[in-house]
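Chain by chain, the residues:
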Amino acid sequence: MNTFFNTLFSNLPNELITYEKYIGAALYHPEFGYYMRDKQKIGRQGDFITTSNISDIYGRMIAKWFSQICKRAQLNPVFCEIGAGNGRFAKAFLQEWKETIQTPLTYIIVESSPFHRKLQQDLLMDDFPIVQVENINEVTAFEGMIFSNELFDALPVHVIEKENEELHEVMIGVRNNQLYEQKVPLTNSDIQMFLKESRIELKEKQRLEVPLAMVEMIKGISRALLKGIVVTADYGYTNEEWMDPRRVKGSLRGYYQHQMIDNILQNPGEMDITTHIHFDYLIQKGEQENLEFISKLRQDEFLLKAGILKELASHYDPNPFSEVSKRNRAIRSLIMPSGMSSYFHVVIQQKEVKLKLSDIFIE
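Only a predicted model underlies this, so the values are computations on that prediction, with no experimental measurement involved.

A. Structural view of the overall build of the protein. Tallying secondary structure elements over the protein gives 11 helices and 17 strands in all. Expressed as a percentage of its 363 residues, the buried residues of the protein come to 55%. Considering only contacts in the protein between residues 6 or more positions apart, those separated by 24 or more positions represent 74%. Element-wise, carbon and sulfur atoms account for 49% of the exposed surface of the protein, whose accessible area totals about 17,100 Å².

B. Local environment of the pairing of strand 12 (residues 253-256). Of the pairings in the sheet, the one linking strand 12 to strand 14 (residues 272-274) comprises three bridges and is antiparallel in character. Of the residues in strand 14, the one forming a bridge with Gly254 is Ile273. Bridge count for strand 12 against strand 13 (residues 259-261) is three bridges, and the pairing is antiparallel. Bridge pairing links Tyr256 to Gln259 in strand 13.

C. Main features of the sheet that holds strand 13. Read across the sheet, three strands follow the order 13-12-14 without closing on themselves; strand pairing throughout is antiparallel. If you trace the sheet from one side to the other, it starts and ends with strand 13 and strand 14, each paired once. Recorded for the sheet is a direction-independent mean angle of 30 degrees between the axes of neighbouring strands.

D. Geometry of the sheet that holds strand 3 (residues 106-110). The mixed open sheet is built from seven strands, whose spatial order is 4-3-2-5-10-17-16. Of all the strands in the sheet, the pair left with one neighbour each is strand 4 (131-133) and strand 16 (292-298). Across the sheet, the mean angle from the axis of one strand to that of its neighbour is 15 degrees, orientation sign disregarded. Direction of pairing for strand 2 (residues 78-82) relative to strand 5 (residues 142-149): parallel, over a ladder of four bridges. Its bridge partner being in strand 5, Glu81 is matched across the sheet by Phe147. Packed on one face of the sheet, helix 4 (residues 88-101) meets strand 2, strand 3 and strand 5 and runs near 175 degrees to strand 3. Sheet strands in contact with helix 7 (residues 212-224) are strand 2, strand 5, strand 10 (225-234) and strand 17 (345-351), and its direction is about 140 degrees off that of strand 10.

E. Structural detail: the packing of aromatic side chains. Applying the stated rule across the entire model yields 21 aromatic pairs. Seen from their ring centres, Phe66 and Trp97 are 5.8 Å apart, and the 40 degrees between their planes marks the pair as tilted. You can see Phe66 sitting in helix 3 (residues 57-73) and its partner Trp97 sitting in helix 4, a full 31 residues away along the chain. Taking the relative accessible area as the measure of exposure, Phe66 reaches 0% and is therefore buried. Relative accessible area serves as the criterion here: at 4%, Trp97 is assigned to the buried category. Each ring, one from Tyr237 and one from Trp242, has its centre 5.0 Å from the other, and the planes form 85 degrees; the classification is edge-to-face. For the residue pair Tyr237 and Trp242, the accessibility class agrees, reading buried in each case. Each member of the aromatic cluster is reached from another via a ring pair, and the members are Tyr58, Phe66, Phe79, Phe89, Phe93, Trp97, Tyr107 and Phe147.

F. Focus on the pairing of strand 3. In terms of burial, strand 3 is a largely internal element, four of the five residues being buried. Taken together, the five bridges between strand 2 and strand 3 define a ladder with parallel strand orientation. Among the inter-strand pairings, Phe79 is bridged to a residue of strand 3, identified as Tyr107. You can see the chain leave strand 2, run along helix 4 and come back into strand 3, and the turn it takes is right-handed. Sheet topology places strand 3 next to strand 4; three bridges connect them, and they run parallel. The residue bridging Ile109 from the neighbouring strand is Gln132, located in strand 4. After leaving strand 3, the chain enters helix 5 (residues 114-124) and then returns to the sheet as strand 4, a path that is right-handed.

Rules used throughout
- Residues numbered from 1 in each chain as written.
- Predicted model: local features only at pLDDT ≥ 70, side-chain atom pairs only at ≥ 80, totals over all residues.
- Heavy atoms only, no water.
- Helix = DSSP H or I, 4+ residues; strand = E, 2+ residues; numbered from the N terminus.
- Buried < 20%, exposed > 50% of the residue type's maximum accessible area, 1.4 Å probe, protein only.
- Contact = heavy atoms within 4.5 Å.
- Areas by Shrake-Rupley, 256 points an atom, 1.4 Å probe, with all protein chains shown as cover.
- Pairing = 2+ DSSP bridges.
- Axes fitted to C-alpha atoms, helices over the stretch in contact; angles between N-to-C directions.
- Phe/Tyr/Trp six-rings, centres within 6.5 Å; stacked < 30°, edge-to-face > 60°.
- Right-handed = clockwise from strand over helix to strand, strands pointing away.

Next comes the structure, spelled out in structure tokens:
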């Protein structure tokens, strides 16, 4: 633990760092970062689960949908997934493409974690040709689609709070080998610009996460895409929803063995850290980078429009453990109003193509 603190505070007494720097180290430090460590993170034996790991239906659906987009927009079949985790989504996508579409495909994975890159190689390399890079800026610009599932919620954020009618940035220090918070007057001009552009005015005692790292990611995505579609699946709020009194404490959370942890300063490097994203800011910054907004749909609505009901087996199987029954249950779990998908939204943007909402879904 002392070594981790030293990497953060450089052995300087009374030094304070931003939440962004702390989260960046806790998640992405090459030695101590949670995502970089050799441990299972996704699934029952990990700390959290994603919709793409419930069943292969999610990846297979996106593969079919992408093939239709390529035809309608006359795009090259190049698919780039950012943050592919254990590779299960990629495997489902590639299996569907191989079995039913059977045309040449380039599949690029952007993955910063050496542990996850190894998992992806073990799962995919024997059967499917994939291209792996560590950073979006390493991707040679292409035509096609860029897809991410729970990417932006894992980017480091600053934390601000309004106290005594003044805006403060919440900083982190270390004392007696323990992390603590300290508020300082807000001086970061980028944060001030974010508030101005988002037209957000905090209430007294309200906390808010500020996603400055989102901007660089969006720029990287736009640089990598010459022409095509960007699909972002994540959970978050609009500016109006952020002002709901229920969100006065912000949304920073940790997850350890499927338990939510309110204090993310506990056990750095041992748990996932996540925050709800700013959808309006994502869309606004995308527009500034030539990513034209098409639609934001709840994930279950997106899957329905993309044709998931066609995947339900038409016959009843009395065996609840059969593959047909398992598949049908997975589909229902993805589209039920009370299911996991109801917490996620899918943002669709385009660059150098002119598709309408009616153009991008299978009839």
